[in-house]
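Each chain is listed here by its residues.
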Amino acid sequence: MNSKSGTVFLSGLIAGTLDILAAIVIYAVILQKTTPIKILQSIASGIFKKEAYTNGSQMAWYGLGFHFLIAILFAWFYFIIYPYLTFLKKNTFAFGIVYGIFVWIVMNLIVLPIVFPVLLPKGLDFPTLLSVLILIFCVGLPIAFITKKYYTFHNN
């Protein structure tokens, strides 16, 4: 990517795509705990509450849009902090992992409890570890490597 905004958009788009595909494949296809539509409606319910589950595919599209907006915001944040935190440049893989964990912490310990105050606290169980791994491999690492590529190319 040649532009800053293009790099942020690309990394957010890739991270968002990998993340939502992982959620659908794992939770809807493999574990059969839900459906792809319900996953997307759950995202939309952060704004639309119970109404998100009554308007079918329209709310699923809103959920997908919100999902990509969140992914792009996390990509933007990493892109902004990257030049100021020199240790990020030393080991992209390690800090991609750390960033995935950071995204999990922000979403599960800050955002979701604010949006859904009745959620039960999470324990360190298989579903929690699975969600952390999804964010590491689908969000943290892609954002870290795409951002590094941009800055490596534009700082030489």
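To be clear, the structure that these remarks concern was listed above.
The structure displayed is predicted, hence computed values, not measured ones.

## Notes on the overall build of the protein
Reasoning step 1: Summing up its helical and strand segments, the protein has 6 helices and 0 strands in all.
Reasoning step 2: When its helices and strands are written in sequence order, the protein yields α-α-α-α-α-α.
Reasoning step 3: The C-alpha atoms of the protein give 16 Å as radius of gyration, which agrees with the globular expectation for 156 residues (15 Å, within 12%).
Reasoning step 4: Its C-alpha atoms put the protein at 50 × 35 × 30 Å along the principal axes.
Reasoning step 5: Burial statistics for the protein: of 156 residues in total, 40% are counted as buried.
Reasoning step 6: In the protein, the share of contacts with a sequence separation of at least 24, taken over all contacts with a separation of at least 6, comes to 64%.
Reasoning step 7: Carbon and sulfur atoms form 74% of the exposed surface of the protein, whose accessible area is close to 9300 Å².

## Quick word on the packing of aromatic side chains
Reasoning step 1: Under the definition given, this model contains 12 aromatic pairs.
Reasoning step 2: Relative to Phe 102, the ring of Tyr 99 has its centre 5.5 Å away and its plane inclined at 25°; by these criteria the two rings are stacked. One end of the pair, Tyr 99, and the other, Phe 102, are both in helix H5 (residues 92–115), 3 residues apart, so they sit about a helical turn from each other.
Reasoning step 3: A centroid spacing of 5.2 Å and a plane angle of 90° characterise the contact between Tyr 150 and Tyr 151, whose relative ring orientation is edge-to-face. The exposure classification of Tyr 150 matches that of Tyr 151, with both residues buried.
Reasoning step 4: Among the aromatic residues, ring-to-ring pairing joins Phe 74, Phe 77, Tyr 78, Phe 79, Tyr 82, Tyr 99, Phe 102, Tyr 150 and Tyr 151 into one connected group.
Reasoning step 5: The aromatic ring of Phe 116 is capped on one face by Lys 49, whose charged end is 5.5 Å from the ring centroid.

Rules used in this analysis
- Residues numbered from 1 in each chain as written.
- Predicted model: local features only at pLDDT ≥ 70, side-chain atom pairs only at ≥ 80, totals over all residues.
- Heavy atoms only, no water.
- Helix = DSSP H or I, 4+ residues; strand = E, 2+ residues; numbered from the N terminus.
- Rg over C-alpha atoms; globule rule 2.2 N^0.38 Å.
- Buried < 20%, exposed > 50% of the residue type's maximum accessible area, 1.4 Å probe, protein only.
- Contact = heavy atoms within 4.5 Å.
- Areas by Shrake-Rupley, 256 points an atom, 1.4 Å probe, with all protein chains shown as cover.
- Phe/Tyr/Trp six-rings, centres within 6.5 Å; stacked < 30°, edge-to-face > 60°.
- Lys NZ or Arg CZ within 6 Å of the ring centre and 35° of its normal.

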